[in-house]
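# Summary of the model geometry
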Amino acid sequence: MPQTPLAASASVVGVVVTYQSENDCSQLLAELTKQCDNVIVLDNGSDPSIASRIKASCETTGAQFIGLPENIGIAAAQNWGIGEARLLGATHVLLSDDDSLPPDNMVADLRRVFDRKPGTAAVGPLPQEDRPGGDQLAYVDRGWSPKRATARELEADLVEVAFLIASGCLISIEALDAIGGMNAAMFIDHVDLEWGLRARAAGFALYCAPRVVLRHALGDESVQLPGRDQPVHIHGPIRNYYILRNTVGLIRRNIMPWRWRIRYTYWALKYMAFNGILVDRLPERRKMLRRGLRDGLTGRGGRYEPR
């Protein structure tokens, strides 16, 4: 689906979502306010002391602070920020987590891709985990599933990808008009994957710019298992619920290619086995995995509510 080239008056609004953040986001906000026309921070119902610290960082850097009364999920918060960006006349929105740090000129470098590649919905940098041996998070469609881009592929200045990690992702408002916003029912986890699937189904392309490297911290514990090149991330039990629920929910939808659905079914089985047998807090994890599986099969979305 073609897009018009970026005009000189193109306006980029940064949208940062925070929740119970332990990070000092001042450096992130200072960098984004230099590169974007406006920056909006949405705090997703953090404790008052944390929200006050984030608000102070916004006041220091010139970012706009919006404190939400409760955690509405990252997808809904991103949609809220996108709505605010529209009111400011944005042509593009840059999504960011609070644990990322963009390099100099990242936004300008990403904006230029829209001129080069008509039909682009979004462009992202190469997220590099900010830890020793950290992954480079670019995913290419391998037919049966998205897989990490190879070192050779990442030597190119652009790589077409299956989906983009949300943090650092620059999205055109035109694409959002055609594709829709983030799926708020997913709450958290796989929100970027689901939007990427819809974007590609609508005929848009997604690109990663490997030479634009974004320092990014996933915030999870990771372990290196024998026979694996990539570390395995260990999430908390509540994240086990959302990841499994949303994976199963995507498998049930026709938006996911049938080959991916087979591969993700296999992945979900491995995920349940690993998190239900080999890690800590097993009773709590098993409870969350059972609930995630059941809610995924029945199509329940939104925030987890204890029964």
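Here is what the cut-offs are and how they apply
- Residues numbered from 1 in each chain as written.
- Predicted model: local features only at pLDDT ≥ 70, side-chain atom pairs only at ≥ 80, totals over all residues.
- Heavy atoms only, no water.
- Helix = DSSP H or I, 4+ residues; strand = E, 2+ residues; numbered from the N terminus.
- Rg over C-alpha atoms; globule rule 2.2 N^0.38 Å.
- Buried < 20%, exposed > 50% of the residue type's maximum accessible area, 1.4 Å probe, protein only.
- Axes fitted to C-alpha atoms, helices over the stretch in contact; angles between N-to-C directions.
- Parallel < 35°, antiparallel > 145°, perpendicular 65-115°, else oblique.
- Left-handed = near helix turned anticlockwise from the far one by under 90°.
- Contact = heavy atoms within 4.5 Å.
- Nonpolar A, V, L, I, M, F, W, Y, C, P; charged D, E, K, R; others polar.
- Pairing = 2+ DSSP bridges.
- Right-handed = clockwise from strand over helix to strand, strands pointing away.
- Salt bridge = Lys/Arg side-chain N within 4 Å of Asp/Glu carboxyl O.

Before going further, it helps to spend a moment on the overall build of the protein. Helix and strand counts for the protein stand at 9 helices and 13 strands. Expected size for 307 residues packed as a compact globule is a radius of gyration near 19 Å; at 19 Å, the protein falls within 12% of this value. Dimensions of the protein, computed from C-alpha atoms along their principal axes, come out at roughly 55 × 45 × 35 Å. Counting only residues that meet the buried cut, the protein has 52% of its 307 residues in that class.

Orientation of helix 7 (residues 237-251) relative to helix 9 (residues 282-298), taken along the N-to-C sense of each, is 25°, at an axis distance of 7 Å. Viewed along their axes, helix 7 and helix 9 adopt a mutual orientation that is roughly parallel. In terms of crossing hand, the pair formed by helix 7 and helix 9 is right-handed. Facing P237, I238, N240, Y241, L244, R245, V248 and G249 of helix 7, the residues of helix 9 in contact are E284, R285, M288, L289, R291, G292, L293, D295, G296 and L297. Among the residues making up the contact of helix 7 with helix 9, the classes are represented as 9 nonpolar, 4 polar and 5 charged.

Moving on, we come to the pairing of strand 2 (residues 38-44). For strand 2, the tally of buried residues reaches 6 of 7 residues, placing the bulk of the element in the interior. Where strand 1 (residues 12-18) meets strand 2, 6 bridges bridge the pair, whose relative direction is parallel. Bridge pairing links T18 to D43 in strand 2. Note that the unit made of strand 1, helix 1 (residues 26-35) and strand 2 has a crossover that is right-handed. Bridge count between strand 2 and strand 3 (residues 64-68): 5 bridges; the pairing is parallel.

Any two side chains of opposite charge can pair, given that their charged atoms come close. Tallied over the full model, the rule gives 15 salt bridges. One salt bridge connects R285 with D280, and the closest N-O pair in it is separated by 2.9 Å. Note on D280: relative accessible area 41%, which makes it partly exposed. Note that E305 and R303 form a salt bridge whose closest N and O atoms lie 3.6 Å from each other. Residue classification places E305 among the partly exposed residues on the basis of a relative accessible area of 36%. In this structure, a network of salt bridges that share partners links the residues E70, R303 and E305.

This part covers the side chain of S167. Position of S167 among the secondary structure elements: in the loop between strand 9 (159-160) and strand 10 (170-172). Take S167: its relative accessible area is 2%, and that puts it in the buried class. Setting aside its immediate chain neighbours within four residues, S167 contacts L95, S96, D97, S100, L214 and H216.

Assignment of secondary structure puts Q64 in strand 3. As a C-alpha pair, Q64 and V15 span 49 residues in sequence and 9.7 Å in three-dimensional space. Sequence-distant contacts of Q64, that is, excluding residues within four places in its chain, are made with V39, I40, V41, C58 and E84.

Purely geometric numbers; function is a separate question.
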